[in-house]
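# Working through the structure, step by step
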Amino acid sequence: MILNRHQQIWLVVSKIPLGCVATYGQVAELAGLPRQARAVGSILSQLPRGSDLPWHRVINSRGELSFPLDSNKYQEQKSRLEQEGIEFTGDKISLATYGWNGVD
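Residues numbered from 1 in each chain as written. Predicted model: local features only at pLDDT ≥ 70, side-chain atom pairs only at ≥ 80, totals over all residues. Heavy atoms only, no water.

The next thing to look at is the overall build of the chain. If you tally the helices and strands in the chain, you get five helices and four strands. N-terminal to C-terminal, the α/β element order of the chain is α-β-α-α-β-α-β-β-α. Over its C-alpha trace the chain gives a radius of gyration of 13 Å, about what one expects of a compact globule, namely 13 Å for 104 residues. Based on the C-alpha atoms only, the size of the chain along its principal axes is roughly 40 × 30 × 20 Å. Here the chain holds 104 residues, and 38% of them are scored as buried. A separation of at least 24 residues holds for 60% of the contacts in the chain among residues at least 6 apart in sequence. Of the roughly 6,400 Å² of accessible surface on the chain, a fraction of 51% belongs to carbon and sulfur atoms. Distance between charge centres in the chain, computed from 11 positive and 10 negative side chains, equals 7 Å. (Helix = DSSP H or I, 4+ residues; strand = E, 2+ residues; numbered from the N terminus. Rg over C-alpha atoms; globule rule 2.2 N^0.38 Å. Buried < 20%, exposed > 50% of the residue type's maximum accessible area, 1.4 Å probe, protein only. Contact = heavy atoms within 4.5 Å. Areas by Shrake-Rupley, 256 points an atom, 1.4 Å probe, with all protein chains shown as cover. Lys, Arg positive; Asp, Glu negative; His and termini not counted. Charge placed at Lys NZ, Arg CZ, Asp CG, Glu CD.)

Once that is clear, we can look at helix α1 (residues 5-14). Among the residues of α1, I9, V12 and V13 are the ones counted as buried. The arc enclosing the buried residues of α1, seen along the axis, measures out at 100°, which places them on a common side. Residues of α1 that are buried in the fold lie against α2 (24-30), α3 (37-45) and β2 (58-59). The backbone nitrogen of H6 lies 3.0 Å from a side-chain oxygen of the residue at the head of α1, namely N4. (Arc of directions from axis to C-beta. Polar contact = N/O pair within 3.5 Å; in protein donor to acceptor, adjacent residues only side chain to side chain.)

With that settled, the discussion passes to the nonpolar core. Counting 19 residues, the largest nonpolar core has I9, V13, I16, V27, V40, L44 and V58 as the members making the most contacts within it. Secondary structure elements with two or more residues in this core: α1, α2 and α3. Once residues within four sequence positions are removed from consideration, I9 is found in contact with V27, A31, L33, A39, V40, I43 and L44. Counting residues in each nonpolar core, the second largest holds nine residues, with V21, I59, I86 and Y98 among its members. (Core = buried A, V, L, I, M, F, W, Y, C linked by side-chain atoms within 4.5 Å.)

Let us now look at the pattern of salt bridges. Applying the stated rule across the entire model yields five salt bridges. Across the salt bridge formed by K73 and E76, the nearest N and O atoms sit 3.6 Å from each other. Within this pair, K73 and its partner E76 are both found in helix α4 (residues 72-83), separated by three residues, close to a single helical turn. R80 is the partner of E76 in a salt bridge, and the nearest nitrogen-oxygen pair spans 3.1 Å. One end of the pair, E76, and the other, R80, are both in helix α4, four residues apart, so they sit about a helical turn from each other. Owing to a relative accessible area of 28%, E76 belongs among the partly exposed residues under this scheme. (Salt bridge = Lys/Arg side-chain N within 4 Å of Asp/Glu carboxyl O.)

If you want it as structure tokens, here you go:
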């Protein structure tokens, strides 16, 4: 079975374990879509409301959330990550501590 781009990205994101994060670029790479980090963000932004895909575990390469600090989406993503035990230092997450190695 051949997966389309959306399905490839969803599959990778579905594997990010609780308490870990992955970058947009890492998800793209693992999905077989190198250098398509922006596509990952675009595809995740189109998820239907109530999706159980752990989109909140995908962050940017600087260890930051990509939503504006004062937005509801920023607060939602930060809250979900904190509920999973991920700690922020200022507005950043340590990729060395919480970054997923990409292995199941």
